[in-house]
Amino acid sequence: ELVENSIDAKASKIDIFVIDGGRTLIEVKDNGVGMSKEDAVISIKRHATSKIRFDQDLFAIKTMGFRGEALSAISSVSKFTLSTNNDSLSSGTKLYCLNSEVISIENCALPQGTDIKVEELFYNTPARLKYLKSDTSELSYVTDIVYKLALANPHISFSLTSNNKTIFKTSGKNDVIEIVAAIYGINVAKKMLDINASNND
């Protein structure tokens, strides 16, 4: 959901970092439009979204997710830091949250975009923590999602780093074959056939 929010924010570059399969750290950093201080504070509230302005917007949803719903849920079960800036000429905003409550707000030096750190996932909900699988299994889930999002968005540069080792990276040059090669290998990429088709749907 964090990566989908970055896509919705019109990011052209999204970097994902995980430690211990995401158990210790999940970080998603993008160069999207960012948020104002006011929106950043609201974004972790339940049922908050910056993506619905008018009632009729509900019947023409063009986004992948609702930032507030994801951030509210995630910030309630982790040590959560959100840094964001919607204006590259000014300072950004940094929030530190526990149990969905803002513990501190401060200005920070950040280029336009958003950086979200989720640390010690489920630290306060041991019943949920025990359902996490091995670090290798959890990383495979993360990797699979990033692969799919990269294939669907070849115009965005993605990188995935696990335990300080880069395991996947794309250029964002809208080259699907490059992404196929990165995921499935050069031999598979060479055998791809380009098919263009459309229908009334």
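Keep in mind the model is a prediction, meaning the values are calculated, not measured.

> Give a description of a nonpolar patch on the surface that names residues and reports values.
Where nonpolar side chains cluster on the molecular surface, the patch consists of I177, Y184, V188 and M192 and spans about 370 Å² of accessible area. Note on placement: V188 falls in helix α7 (residues 186–190). By relative accessible area, V188 is classed as partly exposed at 34%.

> Explain unusual backbone geometry to me, using residue names and the numbers behind them.
Positive phi is not limited to glycine here, since E120 has a value of about 50 degrees. With respect to the element layout, E120 can be found in the loop between β6 (113–119) and α4 (126–129). Backbone geometry at N174 places phi at a positive 65 degrees, although glycine is not the residue there. Positionally, N174 belongs in the loop between β8 (165–169) and α6 (176–184).

> Describe in detail the sheet that holds strand β4 (residues 92–98), supporting the description with residues and values.
An order of β5-β4-β3-β6-β2-β1-β7-β8 is seen for the 8 strands of this open sheet, with the pairing classed as mixed. Each end of this open sheet is capped by a strand with a single partner; those strands are β5 (101–108) and β8. The mean angle between the axes of side-by-side strands here comes to 15 degrees, regardless of whether they run parallel or antiparallel. Here strand β3 (residues 79–85) runs beside β4; their pairing, made up of 6 bridges, is antiparallel. By the bridge assignment, T84 is partnered in β4 with T93. Across the sheet, helix α5 (residues 135–152) lies against β1 (13–19), β7 (157–162) and β8, angled at about 170 degrees from β7, the strand it touches most.

> Report on the nonpolar core, specifying residues and quantitative values.
Membership of the largest hydrophobic core comes to 33 residues, with the highest contact counts inside it found for V3, I14, I16, F80, F158 and F168. Residue contributions to this core peak at 4 residues, all from α5. If near-sequence neighbours (up to four positions away) are discounted, F158 is found in contact with V3, I7, I14, I16, L149, A150, N153, F168, K169 and T170.

> An account of the packing of aromatic side chains is needed here, citing residue identities and associated values.
Inspection of every chain in the model, using the stated rule, returns 1 aromatic pair. Ring geometry for Y147 versus F168: centroids 4.9 Å apart, planes at 65 degrees, classification edge-to-face. Of this pair, Y147 sits in helix α5 while F168 sits in strand β8; the two residues are 21 residues apart in sequence, bridging distant segments of the chain. F168 sits in the buried class, given a relative accessible area of 2%. Over the ring of Y123 we find K79, and its NZ or CZ is 5.2 Å from the ring centre.

Each value, and the rule that gives it
- Sequence order as written defines residue numbering, which begins from 1 separately in each chain.
- Owing to the predicted nature of the model, reporting of local features is limited to residues with pLDDT of at least 70; listing and counting of side-chain atom pairs is limited to 80 or more, with chain, interface and lining totals taken over all residues.
- Side-chain calculation: all heavy atoms of the structure are included, whereas hydrogens and water are not.
- Patch building starts from residues that exceed 30% relative accessible area and form no salt bridge, then joins like charges within 9 Å and nonpolar side chains (Val, Leu, Ile, Met, Phe, Trp, Tyr) within 5 Å.
- Reported accessibility uses the Shrake-Rupley method at a 1.4 Å probe radius. Residues are deemed covered only where the shown protein chains occlude them.
- Put simply, a salt bridge is a Lys or Arg side-chain nitrogen that is within 4 Å of an Asp or Glu carboxyl oxygen.
- Helix numbers and strand numbers start at the N terminus; a helix is a DSSP run of H or I with at least 4 residues, a strand a run of E with at least 2.
- For each residue, the accessible area found with a 1.4 Å probe, counting protein chains only, is set against the maximum for its type, and the residue is called buried under 20%, exposed over 50%, and partly exposed in between.
- For two strands to be treated as a pair, DSSP must find no fewer than two bridges joining them.
- Only the stretch in contact is used when a helix axis is fitted, and all axes are lines through C-alpha atoms; the angle between N-to-C directions ranges over 0 to 180 degrees.
- Here, two residues are considered to be in contact whenever any of their heavy atoms come within 4.5 Å of each other.
- Put simply, buried Ala, Val, Leu, Ile, Met, Phe, Trp, Tyr and Cys residues joined by side-chain atoms within 4.5 Å make one nonpolar core.
- A pair of Phe, Tyr and Trp rings is counted when the ring centres sit within 6.5 Å of each other, with Trp represented by its six-membered ring. The angle between the planes then sorts it: under 30 degrees is stacked, over 60 is edge-to-face, the rest tilted.
- Geometrically, a charge over a ring is one whose NZ (Lys) or CZ (Arg) sits within 6 Å of the ring centre while staying within 35 degrees of the ring normal.

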